[in-house]
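Notes for the structure review
Here is how the chains run, residue by residue.
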Amino acid sequence: MKIDSGLNVYEDDLISEEHKQIYKIAIIIYIILLAVSIILTVIFPRLYSIIIGYGISGIASMILFYITSKFINNSHYLDLKKATKRIHIIHQVVYLVLLALFLVIFKNAFVIISSVLGFVLVKMSIFISNIISKK
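Below or above, wherever it landed, is the structure these notes cover. The residue numbering used here restarts from 1 in each chain and proceeds along that chain's sequence as written. With pLDDT at 70 or above as the cut-off, local features in this predicted model cover only qualifying residues; side-chain atom pairs require 80 or more to be listed or tallied, and sums for whole chains, interfaces and linings still use all residues. Calculated side-chain values reflect all of the structure's heavy atoms, with hydrogen atoms and water omitted.

It is worth spelling out the overall build of the chain at this point. Starting at the N terminus, helices and strands are each numbered in turn, a helix being any DSSP run of H or I of at least four residues and a strand any DSSP run of E of at least two. Tallying secondary structure elements over the chain gives 5 helices and 2 strands in all. Note on exposure labels: buried denotes an accessible area under 20% of the residue type's maximum, exposed denotes more than 50%, and partly exposed covers the range between, all computed with a 1.4 Å probe on protein chains only. For the chain, with 135 residues in total, the buried portion stands at 30%. Once local pairs closer than 6 in sequence are excluded, the contacts in the chain between residues at least 24 apart make up 71%. For accessible areas, the Shrake-Rupley method is used with a probe of radius 1.4 Å. Any residue's cover is judged against the shown protein chains and nothing else. For the chain, the accessible surface area stands at approximately 9,100 Å², while carbon and sulfur atoms represent 73% of it. By definition in these notes, contact holds between two residues if any of their heavy atoms fall within 4.5 Å.

Here it is in structure tokens:
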């Protein structure tokens, strides 16, 4: 967040240690669930769409988390309301476009379920990070 005290501008451009831990946990969860979806696809060949849905939405979730932190860090503290609206609009557009695209292309409920699981990937990693940091 930018803080302008009149003399100089304080700005956080680096990725904090908390965010690095969240990214690490998100990547670990992503790989584990991707392995589970690959195993399910080997057992049930018709479920190949869960790999695609989960893979794309998991990556989109991590990119959205990065964009969110950049918006917050690069905005002035008086403009946080505008930044929050932009973040919300970006998230909703990405969710709707990807879910509609998956539904039109695959016409399968499993791809929607797996993509929603990918979208909550960062939320799960934040939850796990909070549990780890409280110990």
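Working convention: axes come from line fits to C-alpha atoms, limited for helices to the stretch in contact. Angles between N-to-C directions cover 0 to 180 degrees. Where helix α1 (residues 17-43) meets helix α2 (residues 49-74), the closest approach of the two axes is 9 Å, and the angle between their N-to-C directions is 170°. Considered as vectors, α1 and α2 are oriented roughly antiparallel to each other. Three residue categories are used. Nonpolar comprises Ala, Val, Leu, Ile, Met, Phe, Trp, Tyr, Cys and Pro, charged comprises Asp, Glu, Lys and Arg, and polar comprises the others, including Gly. Here the contact of α1 with α2 is built from residues that sort into 17 nonpolar, 6 polar and no charged. Every angle not falling under 35 degrees, over 145, or within 65 to 115 is termed oblique; those three ranges are roughly parallel, roughly antiparallel and roughly perpendicular.

In a packed pair of helices, the relevant descriptors are the angle between the two axes and the axis-to-axis distance. For the pair α2 and helix α5 (residues 121-134), the least separation of the axes is 8 Å and the interaxial angle reads 60°. On the basis of the axis angle, α2 is oblique to α5. Listed contacts from α5 to Tyr54, Gly58, Ser61, Met62 and Phe65 of α2 are Leu121, Val122 and Ile126.

On to the nonpolar core. Counting 11 residues, the largest nonpolar core is built from Ile22, Tyr23, Ile25, Ala26, Ile29, Tyr30, Tyr54, Met62, Phe65, Leu121 and Val122. Counting only elements with at least two residues in this core, the list comes to α1, α2 and α5. Take this core: its biggest share by element is 6 residues, from α1. With residues near it in sequence (within four places) discarded, methionine 62 still touches Tyr23, Ala26, Ile27, Tyr30, Leu121 and Val122. Buried Ala, Val, Leu, Ile, Met, Phe, Trp, Tyr and Cys residues form a nonpolar core when they are joined through side-chain atoms within 4.5 Å. Ala60, Tyr95, Leu98 and Phe119 belong to the second largest nonpolar core, which has 7 residues in total.

Our focus in this paragraph is the side chain of serine 75. Relative to the elements of secondary structure, serine 75 occurs in the loop between α2 and α3 (80-106). Among the residues examined, serine 75 registers a relative accessible area of 10% and is labelled buried. Throughout this description, a polar contact denotes any pair of N or O atoms lying within 3.5 Å of each other; where both atoms belong to protein, one of them has to be capable of donating a hydrogen while the other can accept it, and for residues adjacent in sequence the pair is counted only when both atoms sit in side chains. At 3.1 Å, the side chain of serine 75 forms a polar contact with the backbone oxygen of phenylalanine 71. There is a polar contact of 3.2 Å between the side chain of serine 75 and the backbone oxygen of isoleucine 72.

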